[in-house]
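# Structural characterization, general
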Amino acid sequence: MGEECKEAGAGGRHAEEGLVVDPADSSKLYEDVPPMPLMALNHISRLCKSVDASVQFYVKALGFVLIHRPPALDFSGAWLFNYGVGIHLVQRDDARKAPDVNPGELDPMDNHISFQCEDMGMMERRLREMRIRYMKRTINEEEGSPIDQLFFKDPDGFMIEICNCENLELVPAGALGRLRLPRDRHNPPVRMVDHGDGDGE
């Protein structure tokens, strides 16, 4: 994770615009930024070439649960939810492309989403069972807080990372009072009633 942050911050657009990116001198970064009413990440949305194939992948490889979508959404798609975050899938057509997809080799520097994991060995075994090609690496060993990472792609080529990133303590660069950590109420309300269309667990 630290490796990615260093690469992303080197000579990028923000540096050219003169914004403060050095954590050691971050006080100016928060000037004129009011406390924000945000609570947590709600969902990510992905265009996909086959909603059915993507649903199968996210359910079977990552344990997501299929959710009933609002009837007002009259286009082809699916909602999935688990771990406090949703994944909204939208059927791709010629007018809607997915520009952030790299169909080539696995590259940790590509755009990706990351899931924190409490059993990396179990996840690696699951990827092998499903014959999903993945990249495995460990970073930050020299600092004494090793982070194990697994990188792989969903059926549309979107990069996914699985990591035990809780091994790395996050140290805010000032502005500690601005942090809002998720609590139970950050989750959308979930109706915990079995409607006969699932296993009730």
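Our structure's up above, just so we're on the same page.
What you see is a predicted model; the values in this text were computed from it and never measured. (Residues numbered from 1 in each chain as written. Predicted model: local features only at pLDDT ≥ 70, side-chain atom pairs only at ≥ 80, totals over all residues. Heavy atoms only, no water.)

### Describing the state of the cysteines
What the rule picks out here adds up to one disulfide. Covalently, C163 is tied to C165 through a disulfide, its sulfur atoms 2.1 Å apart. Since a negative S-S torsion denotes a left-handed disulfide, the C163-C165 link at about -120 degrees is left-handed. You can call C163 buried: its relative accessible area is 1%. C165 gets classed as buried once you look at its relative accessible area, which sits at 10%. Free of any disulfide, C117 has its nearest neighbouring cysteine sulfur in C163, separated by 8.4 Å. Accessibility expressed as a relative area gives 12% for C117, which makes it buried. (Disulfide = S-S within 2.5 Å. Buried < 20%, exposed > 50% of the residue type's maximum accessible area, 1.4 Å probe, protein only.)

### Considerations on the packing of aromatic side chains
Tallied over the entire structure, the rule returns five aromatic pairs. When the centroid spacing of 5.4 Å and the interplanar angle of 90 degrees are considered together, the rings of F64 and Y83 count as edge-to-face. Of this pair, F64 sits in the loop between α3 (51-62) and β2 (65-67) while Y83 sits in the loop between β3 (77-82) and β4 (85-91), and the two are 19 residues apart along the sequence. A relative accessible area of 3% means that F64 is categorised as buried. Given a relative accessible area of 53%, Y83 falls into the exposed group. Counting every residue linked through ring pairs, the aromatic cluster contains F57, Y58, F64, Y83, F115 and F152. Across the ring face of F158, the terminal group of R46 is positioned such that the distance to the ring centre comes to 4.0 Å. (Phe/Tyr/Trp six-rings, centres within 6.5 Å; stacked < 30°, edge-to-face > 60°. Helix = DSSP H or I, 4+ residues; strand = E, 2+ residues; numbered from the N terminus. Lys NZ or Arg CZ within 6 Å of the ring centre and 35° of its normal.)

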